[in-house]
Amino acid sequence: MNFIETRGNDTQNPSEVTFSQAILSPSASFGGLYVPKILPQLGLEFVEKHLTSSYKTLAFDLLKKFEIDIEESELNEALSLYDHFDDPLNPSPVVKVKEDLFVQEQYHGPTRAFKDMALQPFGSILSSIAKKNKEHYLILAATSGDTGPAALNTFKNKEGIQVACLYPSGGTSDVQRLQMVCEDGKNLKVIGINGNFDDAQAALKNLLSSNTFKEQLQKHGIKLSAANSVNFGRIIFQIIYHIHSYIELLRQKEITLGEKIYLIVPSGNFGNALGGYYAQKMGIPIEKILIASNENNILTQWINEGVYDIRGKELILTKSPAMDILKSSNIERVLFDMFGSARTKELMEDLNTKEIFTLTQEEKEQIQTVFSAIDSDDAYGASQIKTFLENGYLMDPHTATCLKAYELLKEKPLKTVMYSTAEWTKFSPTVLNALNQTNIVYSDKEALETIAAQYNAQIPQSVQTLFSAKIIHNTVINKENIEDEIIKFIQ
């Protein structure tokens, strides 16, 4: 299967590329993204076939449906990384928390967040291609807190790979920051920036499309790629766990084959939601995808009003920081799929130059056939964390944003899966304040130990050891100095 460009072709790039080409060089014409030329159709027979399959078997079969140009041995090696999750057969369990509500726990991997589900196998595949081609790659990652640790973990000490990871200084939890700055791989560079995630992501996109930056890399024999969800190598693995959600409800005899379900996704960069959208288009019986936002409610406005407007908006720092994003990259892939490349290019150029784009009434209605959206604030999230723990379930603040969508957006009495994208351990001060209904400033270590003692919660060894680990990366710079800092790193 080949991949095409969301904003059309500029005649300088190939009009179609293979999967391996798309993941090695993810920047497409006019600053666009790569998408599959055709989505494979699965049907209910695919679902039924995998009722007794392991997660790895399901993933392998789905990847083969895309006919990607990756050898089976490389796919198996990549998928074997799920063996290092808490349960190798079921790395992302689906847990019942209400009669009609289930949580897919996506945090059972090495960095305790959902980015491991995609970045572990994706990193393995990208590394194997680079090694086979005898090429040297610089992988860029911009993170609001979870992509960075997962990317650093998967690419650590990989042959032919260097990683430069950008994170907003002061914009992550202590655990997320320590997961990055204590990584000791010799091929890794972690850079804090004086800015927010949007600044980090904008810098990444600018570097991906900068000819002068690429020329600098070429002098050192280095090519450029990215670990963010602008790279379809991330997205293809994010489709799988939505299919897994449906199969799990069948296994638990909560639904019958063909019965539709709702998905609730706490959304920042929209990659997780996009995976659900593709799963629905490929034939999984999904009634609708409900989008939960925090106070940075740009996605709620886009879906409900048909307007994406960031004029004069300042990013609000919330207790669910992985969702503190104003420019969500993956809405572009939805726009392309629904409205084509010419309209996508027009809308994205409006956003880049005018900081606003507006859909037509018909376009808005088309978006709303698939998505509904709502936003909540920190106080709401705190109340949900407390309520659910009183009923025996401990969740993080991102998961808590989903509950408002569950309460207010469902139009039919269907079973619902919401996505828990991070373990509570990554945001323990917020969780402890929610449980105690206070605003005390706790260190992560203090909050972790208090919750573990009072609520008999388990702290993974990988998190416990962070607080005694040596800090390797101390760099914090202004965003205009990012390119120079990366050039110094590769030299």
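Definitions and limits used
- Residues numbered from 1 in each chain as written.
- Predicted model: local features only at pLDDT ≥ 70, side-chain atom pairs only at ≥ 80, totals over all residues.
- Heavy atoms only, no water.
- Helix = DSSP H or I, 4+ residues; strand = E, 2+ residues; numbered from the N terminus.
- Rg over C-alpha atoms; globule rule 2.2 N^0.38 Å.
- Buried < 20%, exposed > 50% of the residue type's maximum accessible area, 1.4 Å probe, protein only.
- Contact = heavy atoms within 4.5 Å.
- Areas by Shrake-Rupley, 256 points an atom, 1.4 Å probe, with all protein chains shown as cover.
- Lys, Arg positive; Asp, Glu negative; His and termini not counted.
- Charge placed at Lys NZ, Arg CZ, Asp CG, Glu CD.
- Pairing = 2+ DSSP bridges.
- Expected span 1.5 Å × (residues − 1).
- Salt bridge = Lys/Arg side-chain N within 4 Å of Asp/Glu carboxyl O.
- Axes fitted to C-alpha atoms, helices over the stretch in contact; angles between N-to-C directions.
- Parallel < 35°, antiparallel > 145°, perpendicular 65-115°, else oblique.
- Left-handed = near helix turned anticlockwise from the far one by under 90°.
- Nonpolar A, V, L, I, M, F, W, Y, C, P; charged D, E, K, R; others polar.
- Core = buried A, V, L, I, M, F, W, Y, C linked by side-chain atoms within 4.5 Å.

Quick notes on the overall build of the chain
- Of regular secondary structure, the chain possesses 22 helices and 15 strands.
- Taking 23 Å as the expected radius of gyration for a compact globule of 491 residues, we find that the chain reaches 21 Å, a close match to that expectation.
- Of all 491 residues assigned to the chain, the portion counted as buried reaches 63%.
- Of the contacts formed within the chain by residues at least 6 apart in sequence, a portion of 75% connects residues at least 24 apart.
- Summed over all atoms, the accessible surface of the chain reaches about 18,500 Å², with 46% contributed by carbon and sulfur.
- Counting 47 positive and 61 negative side-chain charges, the chain places the centres of these two groups 2 Å from one another.

Considerations on the side chain of Ser124
- Inspection of the secondary structure assignment puts Ser124 in helix α5 (residues 115-132).
- Among all residues touching Ser124, those that are not within four sequence positions of it are Glu77, Ala78, Leu81 and Thr154.

Structural notes on the pairing of strand β13 (residues 371-375)
- Counting buried residues in β13 gives four out of five residues, a clear majority hidden from the surface.
- Across five bridges, the pairing between strand β10 (residues 286-293) and β13 is parallel. Bridging across to β13, Ala292 finds its partner in Ile374.

A short note on helix α20 (residues 444-455)
- In this model, α20 (12 residues) spans 16 Å end to end at C-alpha, consistent with the 16 Å of a helix rising 1.5 Å per residue.
- In this structure, the buried residues of α20 make contact with α7 (174-181), α19 (428-436) and α21 (461-464).

Observations regarding the pattern of salt bridges
- Under the criterion given, the structure shown has 32 salt bridges.
- Note that Lys56 and Asp83 form a salt bridge whose closest N and O atoms lie 2.8 Å from each other. With Lys56 in helix α3 (residues 55-65) and Asp83 in the loop between α4 (72-79) and β3 (94-98), this residue pair connects regions lying 27 residues apart in the sequence.
- Relative accessible area serves as the criterion here: at 24%, Lys56 is assigned to the partly exposed category.
- Across the salt bridge formed by Lys96 and Glu254, the nearest N and O atoms sit 3.0 Å from each other. You can see Lys96 sitting in strand β3 and its partner Glu254 sitting in the loop between α10 (232-251) and β9 (261-266), a full 158 residues away along the chain.
- Connected via shared salt-bridge partners are Lys96, Glu99, Glu254 and Lys415.

Considering the sheet that holds β3
- Spatially, β3-β4-β14-β9-β10-β13 is the arrangement adopted by the six strands of the open sheet, whose pairing is mixed. The outermost strands of the open sheet, each flanked by one partner alone, are β3 and β13. Taking the axes of each pair of neighbouring strands and ignoring which way they run, one obtains an average angle of 25 degrees across the sheet.
- Sitting on the sheet, helix α11 (residues 271-281) is in contact with β9, β10, β13 and β14 (416-420), with an inclination near 170 degrees to β10.

Re the environment of Ile70
- You can see Ile70 is positioned in the loop between α3 and α4.
- Ignoring anything within four residues of it in the chain, the contact list for Ile70 reads Phe19, Ser20, Leu75, Ile125 and Ile129.

Description of the packing of α3 against α10
- The N-to-C vectors of α3 and α10 enclose an angle of 125 degrees; their axes lie 10 Å apart at closest approach. One way to sum up the angle between α3 and α10 is to call them oblique. Considering the relative orientation of α3 and α10, their crossing is right-handed. From α3, Tyr55, Leu58, Ala59, Leu62 and Leu63 reach across to α10, where they touch Ile236, Phe237, Ile239, Ile240, Tyr241, Ile243, His244 and Ile247.
- The class makeup of the residues in the contact of α3 with α10 is 12 nonpolar, one polar and no charged.

Some remarks on the nonpolar core
- Grouped together as the largest cluster of nonpolar side chains are 146 residues, with contacts concentrated most on Phe237, Ile243, Tyr278, Trp302 and Phe371.
- Those residues within four positions of Trp302 in sequence are excluded, and the remaining contacts are Phe270, Val307, Tyr308, Ile331, Leu335, Phe357, Leu359 and Ile367.
- Listed in part, the 27 residues of the second largest apolar core include Ala200, Leu204, Ala226 and Ile325.

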